[in-house]
Amino acid sequence: MPETKPQHKIAVAILNWNGAALLRRFLPSVIEHSQAVAQVYVIDNASSDESLEVLKNEFPQVELIVLPENYGYAGGYNKGLNYIKENYVVLLNSDVEVTANWLPPMLSQFESNPKLAALQPKIKDLNNRDLFEYAGAAGGHIDVLGYPFCRGRLFDTLEEDKGQYDSYEKVFWASGACLMVDINKFRKAGGLNESLFAHMEEIDLCWRMQLHGFEIGCEPASTVYHLGGGTLNKLSSKKTYLNFRNSLIIMFLNLPSGEAFAKIMARLVLDGIAGIKFIFEGKFVHTLAILKAHFHFYVRFNDMMRQKVGKPVKPLNKLEGVYRGSVVKGYYLSKKKKYSEL
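Attention in this report is confined to the structure presented alongside it. (Residues numbered from 1 in each chain as written. Predicted model: local features only at pLDDT ≥ 70, side-chain atom pairs only at ≥ 80, totals over all residues. Heavy atoms only, no water.)

The next point concerns the overall build of the chain. If you tally the helices and strands in the chain, you get 11 helices and 14 strands. Against the 2.2 N^0.38 benchmark of 20 Å for 342 residues, the chain shows a C-alpha radius of gyration of 19 Å, consistent with a compact globule. Taken along its principal axes, the extent of the C-alpha atoms in the chain is 55 × 45 × 40 Å. Counting only carbon and sulfur atoms, one obtains 55% of the accessible surface of the chain, whose full area is about 15100 Å². Seen as two clouds, the 40 positive and the 36 negative side-chain charges of the chain have centres 7 Å apart. (Helix = DSSP H or I, 4+ residues; strand = E, 2+ residues; numbered from the N terminus. Rg over C-alpha atoms; globule rule 2.2 N^0.38 Å. Areas by Shrake-Rupley, 256 points an atom, 1.4 Å probe, with all protein chains shown as cover. Lys, Arg positive; Asp, Glu negative; His and termini not counted. Charge placed at Lys NZ, Arg CZ, Asp CG, Glu CD.)

Here it is as structure tokens:
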């Protein structure tokens, strides 16, 4: 049989793992505000709850892609996207509420900018709709030591949205909570790094996209609302482990070797200070999570060296969306709590 062409240019792909309750809560808004211009897919990471029954019985208009095991965020999307034929794909968390007309502004950006590889909308807090949301806000940036932050969010401080970031901007990374990609550029950059499993994989992807000469952006004419913590709560020690481990890995993989060594040494010291801070706060499991993250980084050194061979790399300060100073120093010592104060 000849391969059929997709009806739409856009696919909205939701990765699900045991999220039946989230599907019931959030899928209706996605379908209502997307189906006129996009095909909605759910990629299921071998759920053991009632997710498949919910999708088949309550949302028959959604295309279902069932994977044989839980491959995590990165592996789940890499494998699921092989079954999607649309030109542009929105990787959408299952705990995101979308709004009317959220897709056309992002599609317009892609069609007018041939260098654009990844894009996010403005992401706001579902539970406090006046605030930006932690996982992306109005576009992701990074400092010279590899600490990520956002327009609208520095560490745990969220800004109120007063329209101060309503212009399109080139950024360093776009949020994996709602990440629209050009599928051809996504594949040229190598897709998501499955060794990361979950957390910070979108930063790694966007970093590699920039290394390939592509652009990353935020289009605030589109707005979505994110619940956050749908899979791992922000206070989870597993999330601490993944974030600290993966941050070291992506720095090692994407920086020139000399620069990577110097900056990782500095990060290890700062990670140690963070571990001591957790002890004083009584959060011992998070200190252990940091130690485990460092140990895993050392154990995987040879594997990372093999991944690094042949990768295009350039100094961090030549990429878009890089803050030339230290966001840690600015936030904790200089008490700068807003992106505009940096």
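That shown, we press on.
Throughout the structure, instances matching the rule amount to 14 aromatic pairs. When the ring of Phe-172 is compared with that of Trp-207, the centres are 5.3 Å apart and the planes differ by 75°; the resulting orientation is edge-to-face. In this pair, Phe-172 is assigned in the loop between β11 (169–170) and β12 (178–182) and Trp-207 in helix α6 (residues 201–211), connecting sequence segments 35 residues apart. Judged by its relative accessible area of 0%, Phe-172 is buried. Three or more aromatic residues joined by ring pairs make a cluster, and in this case those are Phe-132, Phe-149, Tyr-165, Tyr-323 and Tyr-339. When the ring centre of Tyr-71 is taken as origin, the NZ or CZ atom of Lys-79, which lies over that ring, is 4.5 Å away. One residue, Arg-267, lies across the ring of Tyr-147, its end atom 3.8 Å from the ring centre. (Phe/Tyr/Trp six-rings, centres within 6.5 Å; stacked < 30°, edge-to-face > 60°. Buried < 20%, exposed > 50% of the residue type's maximum accessible area, 1.4 Å probe, protein only. Lys NZ or Arg CZ within 6 Å of the ring centre and 35° of its normal.)

Following both chains from N to C, one finds helix α7 (residues 237–254) and helix α8 (residues 257–280) inclined at 165°, their axes separated by 9 Å at the closest point. Relative to α8, the element α7 lies roughly antiparallel. In this structure, α7 meets α8 at a crossing whose hand is right-handed. Note on element contacts: α8 touches α7 through Ala-260, Lys-263, Ile-264, Arg-267, Leu-268, Asp-271, Ala-274 and Phe-278, opposite Thr-240, Phe-244, Ser-247, Leu-248, Met-251 and Phe-252. (Axes fitted to C-alpha atoms, helices over the stretch in contact; angles between N-to-C directions. Parallel < 35°, antiparallel > 145°, perpendicular 65-115°, else oblique. Left-handed = near helix turned anticlockwise from the far one by under 90°. Contact = heavy atoms within 4.5 Å.)

This part covers the nonpolar core. Ranked by size, the top nonpolar core spans 75 residues in total, and within it Tyr-77, Leu-81, Val-89, Phe-172, Trp-207 and Met-209 carry the most contacts. In terms of residue count, the dominant contributor to this core is α7 (nine residues). Residues within four places of Trp-207 in sequence aside, it is in contact with Ile-142, Phe-172, Ile-250, Met-251, Asn-254, Leu-255, Leu-316 and Leu-319. By size, the runner-up hydrophobic cluster in this structure holds 32 residues, among which are Val-96, Leu-103, Leu-107 and Ile-123. (Core = buried A, V, L, I, M, F, W, Y, C linked by side-chain atoms within 4.5 Å.)

The next thing to look at is the pattern of salt bridges. A complete count under the given rule lists 16 salt bridges for this structure. For Glu-111, the salt bridge identified is with Lys-9, shortest N-O distance 2.5 Å. Remark: Lys-9 occurs in the segment before β1 (10–16) and Glu-111 occurs in helix α4 (residues 104–112); sequence separation between them is 102 residues. Accessibility expressed as a relative area gives 41% for Lys-9, which makes it partly exposed. (Salt bridge = Lys/Arg side-chain N within 4 Å of Asp/Glu carboxyl O.)

Within β12, five of the five residues are buried, which leaves it mostly tucked inside the rest of the structure. Neither face of β12 is open: one carries Cys-178, Met-180 and Asp-182, the other Leu-179 and Val-181, and all of them are buried. Taken together, the five bridges between strand β4 (residues 88–92) and β12 define a ladder with antiparallel strand orientation. Across the sheet, the residue bridging to Val-90 is Met-180, located in β12. Here strand β6 (residues 116–125) runs beside β12; their pairing, made up of two bridges, is antiparallel. Looking at β12, one finds that Ala-118 is bridged to Val-181. (Pairing = 2+ DSSP bridges.)

In an α-helix, one full turn covers 3.6 residues, which means residues spaced three or four apart are oriented alike. Inspection of helix α2 (residues 51–58) places Ser-51, Leu-52, Val-54 and Leu-55 among the buried residues, and these make up the whole buried set. End-on, the buried residues of α2 take up no more than an arc of 165°, which puts them together on one face. For α2, exposure combined with an orientation more than 90 degrees from the buried face picks out Lys-56 and Asn-57. Contacts from the buried residues of α2 go to β1, α1 (20–34), β2 (38–45) and β3 (63–67). (Arc of directions from axis to C-beta.)

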